[in-house]
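The residues making up each chain are set out below.
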Amino acid sequence: MSNGAGKFLGGFLVGSAIGTLVGLWIAPKSSKRTKRLLRKSANALPEIAEELTANVQHQADRLTESAQKTLVEALERLQTAIAVGQAASQKLRQELSVSLTDSERNPPDNDSL
């Protein structure tokens, strides 16, 4: 997970917890009822954090798979491009070799200059 996403997630969790506590504190309920709600909320935090962690891990795995697939495809395209370039280079080399051989066999006339 990137550093920016980690900071966002941490800020989101802290902000959510603070917002919940302030909301319960301000709410017009009895002290016992508020304490009970706070206790329930506090007990639910580990489960919420676990679900959130699993979700983030799943997303990271998907991104990793996607990046690997993209990399494999890019490498395949690069190998194809290299093979095409090598074939073109070989063909040009052969054409130049034939051209040089022909010019050695049939030198240009000096009279035509």
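Look up a bit, the structure's there.
Now for a look at the structure at hand. Computed from a predicted structure; not experimentally measured.

Some thoughts on the overall build of the protein chain
Here comes step 1: Summing up its helical and strand segments, the protein chain has two helices and zero strands in all.
Here comes step 2: Expressed as a percentage of its 113 residues, the buried residues of the protein chain come to 3%.
Here comes step 3: For the protein chain, the computed accessible surface area is about 10000 Å², with 60% contributed by carbon and sulfur atoms.

Some thoughts on helix 2 (residues 31-105)
Here comes step 1: When the terminal C-alpha atoms of helix 2 are compared, their 108 Å separation across 75 residues agrees well with the 111 Å that a helix rising 1.5 Å per residue should span.
Here comes step 2: Where helix 2 bends most, at leucine 45, the angle is about 35°, and the proline proline 46 comes one to four residues later.

Observations concerning a nonpolar patch on the surface
Here comes step 1: A contiguous nonpolar patch, built from Val14, Ile18, Val22 and Ile26 and spanning about 370 Å² of accessible area, is present on the exposed surface.
Here comes step 2: By relative accessible area, which is 59% here, isoleucine 26 ends up exposed.

Some thoughts on a positive patch on the surface
Here comes step 1: Taken together, the side chains of Lys32, Arg33, Lys35, Arg36, Arg39 and Lys40 present a region of like positive charge at the surface.
Here comes step 2: Positionally, arginine 36 belongs in helix 2.

Here is what the cut-offs are and how they apply
Residues numbered from 1 in each chain as written. Predicted model: local features only at pLDDT ≥ 70, side-chain atom pairs only at ≥ 80, totals over all residues. Heavy atoms only, no water. Helix = DSSP H or I, 4+ residues; strand = E, 2+ residues; numbered from the N terminus. Buried < 20%, exposed > 50% of the residue type's maximum accessible area, 1.4 Å probe, protein only. Areas by Shrake-Rupley, 256 points an atom, 1.4 Å probe, with all protein chains shown as cover. Expected span 1.5 Å × (residues − 1). Bend = angle between axes of the 7 residues up to and from the residue. Patch = residues over 30% accessible without salt bridge, like charges linked within 9 Å, V, L, I, M, F, W, Y side chains within 5 Å. Salt bridge = Lys/Arg side-chain N within 4 Å of Asp/Glu carboxyl O. Lys, Arg positive; Asp, Glu negative; His and termini not counted. Charge placed at Lys NZ, Arg CZ, Asp CG, Glu CD.

Read these as layout, nothing more, since geometry by itself doesn't imply function.
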